[in-house]
Amino acid sequence: MASRIELRSDNAAGVAPEIMDAVAAANTGSALAYGGDGWSARLRERVAEAFEFPDVAVFPVVSGTAANALGLSALCPPWGSVLCHESAHILRSECGATSMLSGGAVLRGLPGDGSRLHPDGLAAAFAATNWGDNHQSQPAALSLTLPTDLGALYRPDEVAVLAAAARHRGLAVHVDGARLANAVAALGCTPAELTWRAGVDVLSLGATKNGALSTDAIVCFDRTAADQLVYRTKRAGHVASKMRFQSVQLDAYLAGGRWLELAAQANRTMARLATGLGHLGLGFVCRPEVNMAFVYLADDAAERAAAAGVDFYRMGPGLIRLVTSFQTTDVDIDDALGRFAAALQVR
Ligand SMILES: Cc1ncc(COP(=O)(O)O)c(C=O)c1O
């Protein structure tokens, strides 16, 4: 029987070999706990270099949810609200973690085509706010998912416009970058251009979906937020005693631009898949720009493709999600396309 082809999630992928090797190499002797080790010091230097921001603060955490909720808790008071797209992971899929860790902040989902916020939508949200009215949560932070939950992108100039509008009303700016590497690789910009140079204060930097073993990080470009996060991460149980094994993963991830090479492989294989699916006559919710595609596929064809060994998520009637990872190969994609073609031709 033919092997199954993994297109469910980049979370289903394994660990990049150089990251596994780096963890093993760090497993020598003893090291000071709670981030007092040499690997954690080196990580800060590595992030400062990758983001061209010497005063950066970095907090390794075990999940993207923790990075988002803790990062936002440092930007939004308990009576505040976080503005985000109505499809945002922080709103839909994190079980209220931001509200809990911020002590009560409200998430306000805004509409916007293709899972992206637009300046008009933000302006409308501001116009609908009763500023200074203590009966209403006061907008305190804007959170952009980049790439978005449907795999669309904001360019650096688009982030800058939204961030400037937010800043104008006194809001801080957060980016959920669970797949930031995929965005940077696809846009061909620098990490700095897409983040702090565009006005971002706090970034959730994903790594696990793109080859790390067990860590993401909060990357802070704002000193006040960083000062709070020293305590907030500890209170939330996110200061690992053996932090060296998290830090070394992130260090190996960023070293020599490896994170962008891993993401480029995922993006490239998705582009190949999307082109092939287009040739089969299938349509997309929005044009896949990174490693995710939301594809309209009749349920009977989806069932046949799944039975033929293609693994993917069903998002609802007639809609599936396909995700590639750094482990996906051209051979996987051509094989998957053959199975989709067969699934579509069966009457
Ligand atoms: C856009 C986005 N943000 C955040 C997360 C949360 O990551 P985790 O599952 O590690 O908490 C995910 C996970 O799928 C995601 O897709």
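These figures come from a predicted structure and were not determined experimentally. (Residues numbered from 1 in each chain as written. Predicted model: local features only at pLDDT ≥ 70, side-chain atom pairs only at ≥ 80, totals over all residues. Heavy atoms only, no water.)

**Considering the site of the ligand**
Rules: One heavy atom within 4 Å of a molecule or strand is enough for the residue carrying it to be called near that molecule or strand. Any pair of N or O atoms that falls within 3.5 Å is considered a polar contact. Within protein, one atom must be able to donate a hydrogen and the other to accept it, and sequence-neighbouring residues count only if both atoms are side-chain atoms. Here, Shrake-Rupley sampling with a 1.4 Å probe gives the accessible areas, and only protein chains in the shown set may cover a residue. The way it works is a 1 Å grid over only the protein atoms, where trapped points that fit a 1.4 Å probe form a cavity and open points with protein on both sides within 12 Å along at least five of seven lines form a pocket, and then any residue with an atom within 4 Å of a point lines it. Grid points define the cavity or pocket, and a molecule sits in it when more than half of its atoms lie within 2 Å of them. Ten residues, namely Ala, Val, Leu, Ile, Met, Phe, Trp, Tyr, Cys and Pro, are considered nonpolar, four, namely Asp, Glu, Lys and Arg, are considered charged, and the remaining ones, Gly among them, are considered polar.
Neighbouring the ligand are 13 residues, the closest being G64, T65, D176, R179 and K209. T65 is positioned with one of its side-chain polar atoms (N or O) 2.6 Å from an oxygen atom of the ligand. One of the side-chain N or O atoms of D176 is found 2.7 Å from a nitrogen atom in the ligand. Notes on the ligand: free accessible area 390 Å², of which the protein chains cover 80%. Taken atom by atom, the bulk of the ligand overlaps the largest pocket. Residue composition of the shell around the ligand, by class: 1 nonpolar, 7 polar and 5 charged.

**Some points on helix α10 (residues 223-235)**
Every α-helix carries 3.6 residues per turn, so stepping three or four residues along brings you back to the same face. To keep things clear, this is the line we draw: Secondary structure counts use DSSP, requiring at least four H or I residues in a row for a helix and at least two E residues in a row for a strand, with both numbered from the N terminus. One fewer than the residue count of a helix, multiplied by 1.5 Å, yields its expected span. Two axes are fitted around each residue, one to the seven residues ending there and one to the seven starting there, and the angle between them is reported as the bend at that residue. Any residue under 20% of the maximum accessible area for its type is buried, any over 50% is exposed, and the rest in between are partly exposed; the area is computed with a 1.4 Å probe on protein chains only.
For α10, which comprises 13 residues, the first-to-last C-alpha distance of 19 Å matches the rise-based estimate of 18 Å (1.5 Å per residue) to within 8%. Bending of α10 peaks at approximately 35° at the position of L229. For α10, the set of buried residues is A225, A226, L229 and T233. By the N-cap criterion, in which a side-chain oxygen at the helix start approaches the backbone nitrogen of a residue two or three places on, α10 is capped by D222, the distance to T224 being 3.3 Å. Where α10 terminates, the next one or two residues include G237, which has phi positive at roughly 80°.

**A short note on the side chain of R116**
What counts is decided by this rule: In what follows, a contact means two residues having at least one pair of non-hydrogen atoms within 4.5 Å.
Here R116 lies in the loop between β4 (106-110) and α6 (119-127). Take R116: its relative accessible area is 17%, and that puts it in the buried class. Setting aside chain neighbours within four positions, we find R116 in contact with H85, T148, A152, L153, Y154 and E158.

**With respect to the layout of surface pockets**
Where empty space is left becomes clear once a probe the size of a water molecule has been rolled over the atoms. We apply this condition: Grid points are joined across faces, edges and corners, and a volume is the space filled by probe spheres set on the points. The source of the domain bounds is an automatic or database domain assignment.
By volume, the largest pocket is sized at about 550 Å³. Along its surface, the largest pocket is lined by 29 residues, and H89, D149, R179, K209 and R321 are the ones closest to its centre. Among the elements of the structure, α3 (64-73), α4 (89-92), β10 (292-296), β12 (313-316) and β13 (319-323) are those that each provide at least two residues to the lining of the largest pocket. Among the elements that take part in the lining of the largest pocket, α3 stands out by supplying 3 residues, more than any other. Looking at side-chain class alone, the lining of the largest pocket contains 9 nonpolar, 12 polar and 8 charged residues. Here the lining of the largest pocket gathers at least three residues from each of two domains, domain 1 (5-13 + 259-345) and domain 2 (17-256). Its boundaries defined by the atoms lining it, the second largest pocket holds a volume of some 320 Å³. When the residues that make up the lining of the second largest pocket are grouped by side-chain class, the tally is 11 nonpolar, 5 polar and 2 charged.

**Details of the domain arrangement of the protein chain**
Our working definition: Here the buried area means the combined drop in accessible surface, using a 1.4 Å probe, for two parts upon being joined, counting both sides.
What the domain assignment reports for the protein chain is domain 1 (5-13 + 259-345) and domain 2 (17-256). Summarising the inter-unit geometry, the C-alpha centres of domain 1 and domain 2 are found 27 Å apart. Taken together, the contact pairs 19 residues of domain 1 with 25 residues of domain 2. Here domain 1 packs against domain 2, burying approximately 1,900 Å² in sum over the two surfaces, 62% of which is carbon and sulfur.

**Notes on the packing of aromatic side chains**
To keep things clear, this is the line we draw: Whether two aromatic rings pair depends on their centres lying within 6.5 Å, for rings of Phe, Tyr and Trp, where Trp uses its six-membered ring; planes under 30 degrees apart make the pair stacked, over 60 edge-to-face, and the rest tilted.
Under the definition given, this model contains 7 aromatic pairs. With 5.8 Å between their ring centres and 50° between their planes, F126 and W131 make a pair best called tilted. In this structure F126 comes out as buried when scored by relative accessible area, which is 8%. The partly exposed category is assigned to W131, whose relative accessible area is 30%. Following the ring pairs from residue to residue traces out a cluster consisting of F51, F53, W196, F221, Y253 and W259.

**Considerations on the nonpolar core**
Spelled out, the test is: To qualify as a nonpolar core, a set must consist of buried Ala, Val, Leu, Ile, Met, Phe, Trp, Tyr and Cys residues joined through side-chain atoms within 4.5 Å.
Counting residues in each nonpolar core, the largest one holds 58 residues, and the members touching the most others are L142 and L180. For this core, the leading source of residues is helix α11 (residues 244-254), giving 6 residues. Both domains that furnish three or more residues to this core are identified here as domain 1 (5-13 + 259-345) and domain 2 (17-256). With 25 residues, the next largest nonpolar core counts A67, A140, A172 and A225 among its residues.

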